[in-house]
Amino acid sequence: MNGIQFVYCNHTMLKRMKNILVAVELDQFDEQIIEKAAQFGLAFNSKIWLVHIAAPEPDFVGYTVGPQYIRDSRAEELKNEHKVLQELSSVLKNMGVNAEGLLIQGATIEMIIEESKKLEVDLIITGHHDRGFLYKALRGSVSSQIIKLSKIPILIVPYGNP
């Protein structure tokens, strides 16, 4: 499997991958991670949980919600993200993979870890962008933070050119 790294893997894990959480960003790289998810879903007859973490509500991060037009705009964004997530789920279903999309609001890393526990997943699949030093210093890497915090095996899919 070209371009894939297992951070942690053992033989018994490969036998029991019933639930796989796939973190999607709803961007131009989704096709690459969906392809890998389909490979694993079909190979292990797994349920694929496509999870997109949307930005938290403004009051969650200490800001007031603001005028109605801002709330309406945010509601429209979430509706569009949900639609794209369902389309990605349909792509997997059309390939013969049992898949479901979940749109969750909150802090990305914490929500991925929390959902992986709730869904009792056996593997987390996430993508990795090769970013510059400044970006990594200021924002960090979602995949590296998941590696640090997760007790669940993780598959990192390095993103190439879409």
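Owing to the predicted nature of the structure, the values given are computational and were not obtained by experimental measurement. (Residues numbered from 1 in each chain as written. Predicted model: local features only at pLDDT ≥ 70, side-chain atom pairs only at ≥ 80, totals over all residues. Heavy atoms only, no water.)

Draft legend 1. Spotlight on the packing of aromatic side chains. As enumerated under the stated definition, the model contains one aromatic pair in all. Just above the ring of tryptophan 49 sits the side chain of lysine 47; from NZ or CZ to the centre is 4.2 Å. (Phe/Tyr/Trp six-rings, centres within 6.5 Å; stacked < 30°, edge-to-face > 60°. Lys NZ or Arg CZ within 6 Å of the ring centre and 35° of its normal.)

Draft legend 2. Quick look at helix H3 (residues 68–94). With 27 residues, H3 should cover 39 Å at 1.5 Å per step; its first-to-last C-alpha distance of 39 Å lies within 8% of that length. Within H3, the full set of buried residues consists of Arg74, Leu78, Leu85, Leu88, Ser89 and Leu92. Where the residues of H3 are buried, they touch helix H2 (30–44), strand S3 (47–54) and strand S4 (98–105). In the segment just after H3, glycine 96 is the residue with positive phi, at about 90 degrees. (Helix = DSSP H or I, 4+ residues; strand = E, 2+ residues; numbered from the N terminus. Expected span 1.5 Å × (residues − 1). Buried < 20%, exposed > 50% of the residue type's maximum accessible area, 1.4 Å probe, protein only. Contact = heavy atoms within 4.5 Å.)

Draft legend 3. Fine view of the pattern of salt bridges. The tally for this structure, following the rule as stated, stands at four salt bridges. In this structure, glutamate 114 engages lysine 118 in a salt bridge whose closest nitrogen and oxygen atoms are separated by 3.3 Å. Of this pair, glutamate 114 and lysine 118 are both found in helix H4 (residues 108–118), four residues apart, which corresponds to roughly one turn of the helix. For lysine 118, a relative accessible area of 54% translates into the label exposed. Its salt-bridge partner being lysine 118, residue glutamate 115 comes within 3.3 Å of it at the nearest N-O pair. Here glutamate 115 pairs with lysine 118, and both are found in helix H4, just three residues apart, close to one helical turn. A single network of salt bridges, built from pairs that share partners, joins Glu114, Glu115 and Lys118. (Salt bridge = Lys/Arg side-chain N within 4 Å of Asp/Glu carboxyl O.)

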